[in-house]
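Analysis of the macromolecular model
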Amino acid sequence: MKKIVLFLAILLLSAISVNAQNPGWINYTNGDYVNAIAIEGDYIWAGTNGGLVKINHVTDETIFLTKPIQAYLIIGYTQLP
C-alpha cells in the first residue's frame, strides 16, 4: 500500500512540473487562392482561404491576419456580427 501511495505522489508531483513545449497555437493556413480584393487608401486588402492579408502598397509592409479575432480587431469591430 505504501508503494502505491508513494508511486501516486511521485506521479502527481511530476505531472505538476511538466509544461507544454509550445503553449501557443500554431495556425497552418493556405493563402493560395484570393477570394476578394479591396483597396482602401494606401492599403490593399486580400481575402484568402487562409485569412486576411493587409498590404501597404507604399511601404510594402504586409500583415497576415490568420485568426478570425485578429481580422475583427484590425477592421474595428467591437462586437462579432
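A brief look at the structure comes next.

This brings us to the overall build of the protein. When helices and strands are tallied, the protein shows two helices and four strands. Each helix (α) and strand (β) of the protein, taken in turn from the N terminus, gives the series α-β-β-β-β-α. By residue count, 14% of the 81 residues in the protein fall in the buried class. For the protein, the proportion of contacts with a sequence separation of at least 24, taken over those separated by at least 6, is 8%. A total accessible area of about 7100 Å² is found for the protein, and carbon and sulfur atoms account for 63% of it.

On to the side chain of Asn 56, then. By secondary structure assignment, the location of Asn 56 is in strand β3 (residues 51–56). One polar contact links the side chain of Asn 56 to the main-chain amide nitrogen of Thr 59, over a distance of 3.3 Å. Apart from residues lying up to four places away in sequence, Asn 56 is in contact with Asp 42, Tyr 43 and Glu 61.

Attention now moves to the sheet that holds strand β1 (residues 34–40). Across the sheet, four strands lie side by side as β1-β2-β3-β4; this open sheet has antiparallel pairing. With partners counted over all chains shown, the strands left at the sheet margins are β1 and β4 (62–65), one partner each. Strand-to-strand twist of the sheet, defined as the mean angle between neighbouring strand axes without regard to direction, takes the value 15°. As judged from the six bridges shared by strand β2 (residues 43–48) and β3, these two strands associate in the antiparallel manner. The partner of Ile 44 across the bridge, within β3, is Ile 55.

Each value, and the rule that gives it
Residues numbered from 1 in each chain as written. Predicted model: local features only at pLDDT ≥ 70, side-chain atom pairs only at ≥ 80, totals over all residues. Heavy atoms only, no water. Helix = DSSP H or I, 4+ residues; strand = E, 2+ residues; numbered from the N terminus. Buried < 20%, exposed > 50% of the residue type's maximum accessible area, 1.4 Å probe, protein only. Contact = heavy atoms within 4.5 Å. Areas by Shrake-Rupley, 256 points an atom, 1.4 Å probe, with all protein chains shown as cover. Polar contact = N/O pair within 3.5 Å; in protein donor to acceptor, adjacent residues only side chain to side chain. Pairing = 2+ DSSP bridges. Axes fitted to C-alpha atoms, helices over the stretch in contact; angles between N-to-C directions.

Everything listed here is a matter of geometry and, on its own, says nothing about what the molecule does.
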